[in-house]
Amino acid sequence: MTSEVREKKIKTNGIWLNVADKGDEGEPLVLLLHGFPETWFSWRHQIDFLSSHGYHVVAPDLRGYADSDSPPTHESYTVSHLVADVIGLLDHYGTAQAFVAGHDWGAIIGWSLCLFRPDRVKGFVSLSVPYSPRDPNLKPSDLFKSFGDGLYITQFQEPGRAEAAFAKHDCLTVMKKFLLTTRSDFWVAPPNTEIIDDLEVPSTLPDWITEEEIQVYADKFQKSGFTGPLNYYRAMDLNWEILAPWQGYKIVIPTKFIAGDKDIGNEGANGTIKYVKGEMFKSIVPNLEVVVIEDGHHFIQQEKSERVSQEILSFFNKLRNITE
Amino acid sequence: MDLTFTHRFVKVNGINMHFAEKTPSFTDNGASRPPPVILFLHGFPELWYTWRHQMAALSSLGYRTIAPDLRGYGDTEAPESADAYTSLHVVGDLIGLIDAVVGGDREKVFVVGHDWGAVIAWHLCLLRPDRVKALVNMSVVFEPWNLKRKPISMFKSFYGDDYYICRFQKNGINILQEYGEIEAEFAKVGTERVLLEMLTYRNPGPILLPKGKSYDDPVSLPSWLTEYDVKYYVSKYEKSGFTGPVNYYRNMDRTWEMMGAFSNAQVKVPVKFIIGDQDLTYHIPRTKKYIHDGRFKSHVPLLDEVVVLKGVGHFLHEERPDEISKHIHDYFLTF
C-alpha cells in the first residue's frame, strides 16, 4: 500500500523535516499535516488515494516527531515556527498555493496558516479541531485550570511529567491507548491519575488498523520520544500571546470541517460539532462546509479512511471546478 | 498651527494604551461619511509627540489622526516581561487600537511610520494587510526575511560589540529592581543628555556606544527641536524609563524567529517611502543601491514612490514637517 511513497529529508526554516511524498510532481500539491501523537503514516490511505486521483501529495513528520528534527525547548514549537516550517516546504516544491488538510495539531497548524499566509492556501480541510478564535481576556492555561489537574492538556504542561508517565508503559501500549480510544469526553483523568493510565486499551483491535501498523508508530516514538510532540502543548500560552494580531479575524478561505460524531469533545450539549455548526463560528469562518461522520472517533482519517479520502478529494476538486 | 490634542486611553491586547488624537473640526462634505483615519507610529527614542506637526496639518485637511505611545513608551503600559515586545505583540496592540477607534466594520486605515514605527508598520502590512489602506513609511526600508540573517549576530559581525543595538541586548535580571546594562549606563549619563544625543545625532555612520564614552561635549539644539520639546520628552522618559523601548531591540531575534513564515513574502500594501540623504539608515552599506536599483520595489511591488530629501537627517518629519505633511496628504489623496 505504501510501497511507492518516497521519503526524503527537506531543509525548511532552519531544520530538517522528514517528508513522505507521492504522486506526479506536476499535479497540484496537497499538504497533509498529522496530529498528536502521530506521524505522516496516519495519512497513508489519503496519500495513496489522492495521489491516484490527480494530486501530488506531501506529508511531513512535523517538527519534534519521528525522523524530523526536534529542537529542545518548547519556545521553538509555536504556531509561528510550525507555519514557517510548512511555508518552507511549499517554497521547496515551488508551490504558490497549496491544498491543505490537517488533523488534530495539524489542523491547528492549518488554521494558523490561514492567518499568517492566506495567500498560500487554496483551500483547507480540518479534521477534528475547529478554529478557536482568541479570547483576549482568557489565556489558555487559565481556561484549562477550570477543568482541573486531570485535563490532559494541563498534565502535558510540566516538562518531564507526561514523559515519565508514558515511560511506565511500553511504546506499543502507549500508541494503542491513544489510537484506539473511543472516549468522547474532554479527556479529564480522575484525581491523582495520569491520563495515560486512565486511557484504556481495548481487548481486540478494531478492523481499521493492524498490530503491525501500530508497531510502525511505536518504533518511531521509541526512537524519538514524546518531548517534541508535548512541546506543542507547552507553547499554547505563547501561541495565544503571538496570535494577538488576528484578534477578531475572519477566515474567508474555503474550508471544510470533518469530524466523527464520537470524537473527543463531542460528548454532551456543548460539544465541538455543535460549536462548528453554530452562528458564532459561521461569522468567523463564513466559507465553511461541515461533515459529521457517524460512529467516527478521533483518529478519523484512519478509522473512516475511505469516507475521509472522498470528502477531501471532492472538496479540493470542487475548488478546481472538477466534478466526478 | 493648532497644537491641541485629545488624549485617550484604551485597553488593548492586555495593556492600557495611551494615544493622542486630533480630528477635523469640520465635516468635510456634511455627509455621514467618517473622516479617513491615519495611524502614526513613532520610533526610538520618541513618543506620539513626534507627530504633532503632521497631526495638526492633516487633521485640518480632513483626516482623523491617531498617534499612540507604543507599548513600553510614555503613558502606555510597559509589560514587565522582557519577552512581551516582539512585533507580534505590538501589532496585536495596534489591531486592538484600530478596532477600538474605527469600530466594528473592520475597515482599513492609513498608516505612517518612522524608525521603529516603520519596522512595526512593515510587519503590520505582512501580518494584517487587510487592515492597511496605504502606508507612508520613513527612514527604514523593508527587507525580506532571511534565514541567514539572524539580527543580532548580523549586527555584531557588521559593526562590532559597541554597536548600539548590540549594547542594548543585555537584559536585567529583574526589570523592576535592577536595570539592564544599558539602562544603568543611561541613568549615569542622565535622561536629558541621552535623549539629546539621540535626537541630535547627525553622523551618517552607525551609532557606536563604547563603554566609557564621554558625554561631556556640549550639545546644541537643532532648529527643529525646542527647549519645550526636549522638556516634554524628558518628562515622559524620566517617568517611564528606557527599558520598555530598549526591549524592542532585545526581541529582534525572537521576532525574526517568529516571522519565518514570511520568508519570500512581499509587502502587498501601497507604499510611499521617504528618507533623508543624511539619515544614518541611508548610509547603511548597500542601502542606496537597494532602494534605487529595483530590489526594494521587487519586495514591495506596490511601492509607488521613493522620495529622498536632500540635506535632511533621521528625524525628517520633525526637520521638514510641512514637506512631510504634504507628501502624506498628496499620497493618501490618491486613494
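First, a word on what this report is: a plain description of the structure on this page.

Criteria and cut-off values
Residues numbered from 1 in each chain as written. Chains lettered and ligands numbered in written order. Predicted model: local features only at pLDDT ≥ 70, side-chain atom pairs only at ≥ 80, totals over all residues. Heavy atoms only, no water. Contact = heavy atoms within 4.5 Å. Buried area = accessible area lost by both parts, 1.4 Å probe. Salt bridge = Lys/Arg side-chain N within 4 Å of Asp/Glu carboxyl O. Polar contact = N/O pair within 3.5 Å; in protein donor to acceptor, adjacent residues only side chain to side chain. Helix = DSSP H or I, 4+ residues; strand = E, 2+ residues; numbered from the N terminus. Nonpolar A, V, L, I, M, F, W, Y, C, P; charged D, E, K, R; others polar. Patch = residues over 30% accessible without salt bridge, like charges linked within 9 Å, V, L, I, M, F, W, Y side chains within 5 Å. Areas by Shrake-Rupley, 256 points an atom, 1.4 Å probe, with all protein chains shown as cover. Buried < 20%, exposed > 50% of the residue type's maximum accessible area, 1.4 Å probe, protein only. Phe/Tyr/Trp six-rings, centres within 6.5 Å; stacked < 30°, edge-to-face > 60°. Pairing = 2+ DSSP bridges. Core = buried A, V, L, I, M, F, W, Y, C linked by side-chain atoms within 4.5 Å. Axes fitted to C-alpha atoms, helices over the stretch in contact; angles between N-to-C directions. Left-handed = near helix turned anticlockwise from the far one by under 90°.

1. Quick look at the interface of chain A and chain B
Point 1. Residue-level contacts link 22 residues of chain A with 22 residues of chain B.
Point 2. Here chain A packs against chain B, burying approximately 1,700 Å² in sum over the two surfaces, 55% of which is carbon and sulfur.
Point 3. Counting the surface chain A buries against chain B, the share from its top three residues, Phe116, Arg117 and Pro245 of chain A, is 26%.
Point 4. For the pair chain A and chain B, the number of links is zero salt bridges.
Point 5. For the pair chain A and chain B, the number of links is seven residue pairs in polar contact (both at pLDDT 80 or more).
Point 6. Elements represented by at least two residues in the side of chain A that touches chain B include exactly helix 2 (79-92), helix 3 (105-116) and helix 11 (236-242) of chain A.
Point 7. By residue number, the principal contributor to the side of chain A that touches chain B is helix 2 of chain A, which donates six residues.
Point 8. A per-class count over the side of chain A that touches chain B returns eleven nonpolar, seven polar and four charged.

2. What about a nonpolar patch on the surface?
All names here are of chain A.
Point 1. Residues Leu138, Leu143, Phe147, Phe186 and Val188 make up a contiguous nonpolar surface patch of about 370 Å² in total accessible area.
Point 2. Note on placement: Phe186 falls in the loop between helix 7 (171-179) and helix 8 (195-198).
Point 3. Here Phe186 falls in the partly exposed class, since its relative accessible area comes to 39%.

3. Describing the packing of aromatic side chains
Given two aromatic rings, one states the distance between the centres and the angle between the planes to describe the pair.
Residue and element names in this part refer to chain A.
Point 1. Within the structure shown, the criterion is met by 65 aromatic pairs over all chains.
Point 2. An angle of 40 degrees between the planes, with centres 4.5 Å apart, marks the rings of Phe116 and Trp246 as tilted. Of the two residues, Phe116 is situated in helix 3 and Trp246 in the loop between helix 11 and strand 7 (255-260); the sequence distance between them amounts to 130 residues.
Point 3. On the basis of an interplanar angle of 80 degrees and a centroid distance of 6.0 Å, the ring pair of Phe156 and Phe166 is categorised as edge-to-face. Here Phe166 lies in helix 6 (residues 161-166) and Phe156 lies in the loop between helix 5 (152-155) and helix 6, a separation of ten residues in the sequence.
Point 4. Phe156 gets classed as buried once you look at its relative accessible area, which sits at 1%.

4. Some points on the pairing of strand 7 of chain A
Residue and element names in this part refer to chain A.
Point 1. Buried residues dominate strand 7, accounting for six of its six residues.
Point 2. Burial along strand 7 is two-sided: Thr255, Phe257 and Ala259 and Lys256, Ile258 and Gly260, pointing in opposite directions, are all buried.
Point 3. The pairing of strand 6 (residues 121-127) with strand 7 spans four bridges and is classified as parallel. When the sheet's bridge partners are listed, Ser126 is paired in strand 7 with Phe257.
Point 4. Bridge analysis of strand 7 against strand 8 (residues 288-293) gives six bridges, and the strand direction is parallel. By the bridge assignment for strand 8, Ala259 is matched with Val292.

5. Some words on the side chain of Ser87 of chain B
Point 1. Of note, Ser87 of chain B is situated in helix 2 (residues 87-102).
Point 2. Since its relative accessible area comes to 2%, Ser87 of chain B is described here as buried.

6. Quick notes on unusual backbone geometry
Point 1. Omega for the bond connecting Phe36 of chain A with Pro37 of chain A falls within 30 degrees of zero, at -10 degrees, which places this linkage in the cis form.
Point 2. Within the secondary structure, Pro37 of chain A sits in the loop between strand 3 (29-33) and helix 1 (44-51).
Point 3. Between Phe44 of chain B and the following residue, Pro45 of chain B, the backbone shows a cis peptide bond with an omega angle of -5 degrees.

7. Some points on the nonpolar core
Point 1. Counting residues in hydrophobic clusters, the biggest one holds 220 residues, and the most contacted among them are Phe116, Phe156 and Phe178 of chain A together with Phe168, Phe296 and Phe332 of chain B.
Point 2. Residue contacts for Phe168 of chain B: discarding those within four places in its chain leaves Phe44, Ile182, Phe186, Met198, Leu209, Val246, Tyr249 and Arg250 of chain B.

8. Digging into the pattern of salt bridges
Residue and element names in this part refer to chain A.
Point 1. If you walk through the whole model with that rule in mind, you get 44 salt bridges over all chains.
Point 2. Across the pair Arg6 and Asp21 runs a salt bridge, and its minimum N-O distance is 2.5 Å. Separated by 15 residues along the polypeptide, Arg6 in strand 1 (residues 6-12) and Asp21 in strand 2 (residues 15-22) bring together distant segments of the chain.
Point 3. Residue classification places Arg6 among the partly exposed positions, given a relative accessible area of 37%.
Point 4. Close ionic contact of Asp149 with Arg161 constitutes a salt bridge, the shortest N to O distance being 3.0 Å. Separated by twelve residues along the polypeptide, Asp149 in the loop between helix 4 (140-145) and helix 5 and Arg161 in helix 6 bring together distant segments of the chain.
Point 5. The network of salt bridges with common partners includes Lys256, Glu289, Arg307, Glu311 and Lys318.

9. Some points on the packing of helix 7 of chain A against helix 9 (residues 211-224) of chain A
Residues and elements named next belong to chain A.
Point 1. Two elements in contact, helix 7 and helix 9, have axes separated by 8 Å at closest approach and are oriented at 115 degrees. Crossing angle aside, the handedness with which helix 7 passes helix 9 is right-handed. Along its contact with helix 7, which presents Cys171, Leu172, Met175, Lys176 and Leu179, the element helix 9 presents Glu211, Ile214, Gln215, Tyr217, Ala218, Phe221 and Gln222.
Point 2. Classifying every residue of the contact of helix 7 with helix 9 gives eight nonpolar, two polar and two charged.

10. Observations concerning helix 1 of chain A
Residue and element names in this part refer to chain A.
Point 1. Burial analysis of helix 1 places eight of its eight residues in the buried class, the great majority of the element.
Point 2. Of the positions making up helix 1, those classed as buried are Arg44, His45, Gln46, Ile47, Asp48, Phe49, Leu50 and Ser51.
Point 3. Here the buried face of helix 1 lies against strand 2, strand 3, strand 4 (56-60), helix 9, helix 14 (300-303) and helix 15 (305-319).

11. Observations regarding the environment of Thr191 of chain B
Residue and element names in this part refer to chain B.
Point 1. Note on placement: Thr191 falls in helix 7 (residues 191-199).
Point 2. Accessibility expressed as a relative area gives 17% for Thr191, which makes it buried.
Point 3. Sequence separation between Thr191 and Arg8 is 183 residues, and the spatial gap between their C-alpha atoms is 26 Å.
Point 4. Ignoring sequence-local partners within four residues, the contact set of Thr191 consists of Phe186, Val234, Tyr237, Glu238 and Phe242.

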